[in-house]
Amino acid sequence: MFWWRNEVRPGVSVAFTDTGAGNLALHVGDNPDEVLARRVDLEQAAGLGSRKFQYMDQVHGNRVEFIKVHGPGPTADAMVSAVTTSGAGVHPAPQPLAVMVADCVPVVFVADGPGADPVIAVAHAGRPGVASDVVTGTVQEMRKRGAVDISAWLGPSICGSCYEVPEKLRADVAALVPAAWSSTSWGTPALDLPAGVRAQLASLEVSVEYSGECTLENNSLFSYRRDSRTGRFAGLVWTHD
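Residues numbered from 1 in each chain as written. Predicted model: local features only at pLDDT ≥ 70, side-chain atom pairs only at ≥ 80, totals over all residues. Heavy atoms only, no water.

- Where an unreviewed UniProt entry is consulted, the chain appears under the name Polyphenol oxidase family protein, with the organism given as Paenarthrobacter nicotinovorans.
- Looking at the Sequence similarities (unreviewed entry) heading of the UniProt record, one finds this comment for the chain: "Belongs to the purine nucleoside phosphorylase YfiH/LACC1 family."
- Word for word, the UniProt comment on the chain under Function (unreviewed entry) is "Purine nucleoside enzyme that catalyzes the phosphorolysis of adenosine and inosine nucleosides, yielding D-ribose 1-phosphate and the respective free bases, adenine and hypoxanthine. Also catalyzes the phosphorolysis of S-methyl-5'-thioadenosine into adenine and S-methyl-5-thio-alpha-D-ribose 1-phosphate. Also has adenosine deaminase activity." (UniProt positions renumbered as here; feature names shortened; annotations may be inferred.)

Laid out in structure tokens, this is it:
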């Protein structure tokens, strides 16, 4: 079910699922009831109890939403959560978050927050998101919420040796994110999205703790480039009860 999972800081876990967890997306033509059942199984495997992962309606942009409590999925490509106070009282823990991908880079963030409480976040960094710098928007929102000492985990995604694109598209993206310029292993133009994300994080002084393997090269991971009728796996972050 989990491709990679670790308690990255005391009381905070990060994980990336694989095909063993099944498709977790509602927008790929799968049976909705079966998708929702898989999400429940995943929440149980993560030990969330009555809590649920917050998913979002990802649109390949750079909008970042702050999430207090679980609710309808926002239209966004990044989410941040932290302990908050409001008119309804204190929300005692960050909301568990999920980002879904099948070649794009799932980025998960954990930081120290005000007091002893963490600030957590996820971002969907596909080609448009890397070009429009969804990573910087996410980090800025985290720092607005008091985050310090931010670390990032990059889940499995298509690598720079496999992600073939037209020459003009490579030039356009590399003009914005030079580290993304690449060539395939067979010598054609390509983009290295993980390298682009790592460069953006380095410029923000965010440390990268993990970078996953290539989705196209691993049959245990969903890959849109391998099969356009594929499912989606998830990057996850949550605090423990």
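That was the structure; now back to the text.
## A few points about the pattern of salt bridges
In step 1: Enumeration according to the criterion identifies eight salt bridges in this entry.
In step 2: Asp30 is the salt-bridge partner of Arg38, the closest N and O atoms lying 2.8 Å from each other.
In step 3: Linking Arg170 and Glu167 is a salt bridge whose minimum nitrogen-to-oxygen distance equals 2.7 Å. One end of the pair is Arg170 and the other is Glu167, both in helix H4 (residues 167-176) and three residues apart, which spans about a single turn.
In step 4: Several salt bridges share partner residues, and in doing so they unite Arg9, Asp112 and Asp149 into one network. (Salt bridge = Lys/Arg side-chain N within 4 Å of Asp/Glu carboxyl O. Helix = DSSP H or I, 4+ residues; strand = E, 2+ residues; numbered from the N terminus.)

## Focus: helix H1 (residues 32-46)
In step 1: Taking 1.5 Å of rise per residue, the 15 residues of H1 would be expected to cover 21 Å, and the 21 Å separating its terminal C-alpha atoms lies within 8% of that figure.
In step 2: Within H1, burial applies to Val35, Arg39, Leu42, Glu43 and Ala46. Axial view of H1: buried residues confined to an arc of 100°, hence all on one face. Within H1, the exposed residues directed more than 90 degrees away from the buried face are Asp33 and Gln44.
In step 3: Buried residues along H1 sit against strand E1 (2-9), strand E2 (12-17), strand E7 (97-101) and strand E14 (233-239).
In step 4: In this structure Asn31 caps H1, since a side-chain oxygen of it lies 2.9 Å from the backbone nitrogen of Asp33.
In step 5: Just past H1, the residue Gly47 takes up positive phi, approximately 75°. (Expected span 1.5 Å × (residues − 1). Buried < 20%, exposed > 50% of the residue type's maximum accessible area, 1.4 Å probe, protein only. Arc of directions from axis to C-beta. Contact = heavy atoms within 4.5 Å. Polar contact = N/O pair within 3.5 Å; in protein donor to acceptor, adjacent residues only side chain to side chain.)

## Details of the sheet that holds E2
In step 1: With respect to topology, four strands assemble into an open sheet ordered E1-E2-E14-E7, the strand pairing being antiparallel. Each having just a single partner strand, E1 and E7 make up the two edges of the open sheet. The sheet shows a mean angle of 10° between the axes of neighbouring strands, direction not considered.
In step 2: Where E2 lies against E14, five bridges are found, and the strand directions are antiparallel. (Pairing = 2+ DSSP bridges. Axes fitted to C-alpha atoms, helices over the stretch in contact; angles between N-to-C directions.)

## Things to note about the pairing of strand E10 (residues 148-154)
Along any regular strand, the residues point their side chains to alternate faces of the sheet.
In step 1: Where burial is concerned, most of E10 is hidden: five out of the seven residues are buried.
In step 2: By the bridge criterion, five bridges tie strand E8 (residues 105-112) to E10 in an arrangement that is antiparallel. Along E10, the bridge assignment pairs Asp112 with Val148.
In step 3: Here E10 runs beside strand E13 (residues 207-211); their pairing, made up of four bridges, is parallel. Looking across to E13, one finds that Ala152 is bridged to Val208.

## A look at the sheet that holds strand E3 (residues 64-66)
The strands making up a sheet associate through backbone hydrogen bonding, with each pair oriented either parallel or antiparallel.
In step 1: In spatial order, the strands read E3-E4-E9-E8-E10-E13; together these six strands make up an open sheet with mixed pairing. The strands lining the two open edges of the sheet, one partner per strand, are E3 and E13. Averaged over all pairs of adjacent strands, the angle between strand axes in this sheet comes to 20°, irrespective of strand direction.
In step 2: Each of E3, strand E4 (78-82), E8, strand E9 (118-125) and E10 is contacted by helix H3 (residues 134-144), which is oriented at about 165° to E9, the strand it contacts most.

## Section: the nonpolar core
In step 1: Val107, Phe109, Met142, Ile150, Val197 and Leu201 are the most contacted members of the largest nonpolar core, which has 36 residues in total.
In step 2: For Met142, the residues in contact, after removing those within four places along its chain, are Val80, Phe109, Val110, Ala111, Val119, Ile120, Ala121, Ala147 and Ile150.
In step 3: Core analysis: the second largest hydrophobic core is formed by 17 residues, Val14, Met56, Ile67 and Val108 among them. (Core = buried A, V, L, I, M, F, W, Y, C linked by side-chain atoms within 4.5 Å.)

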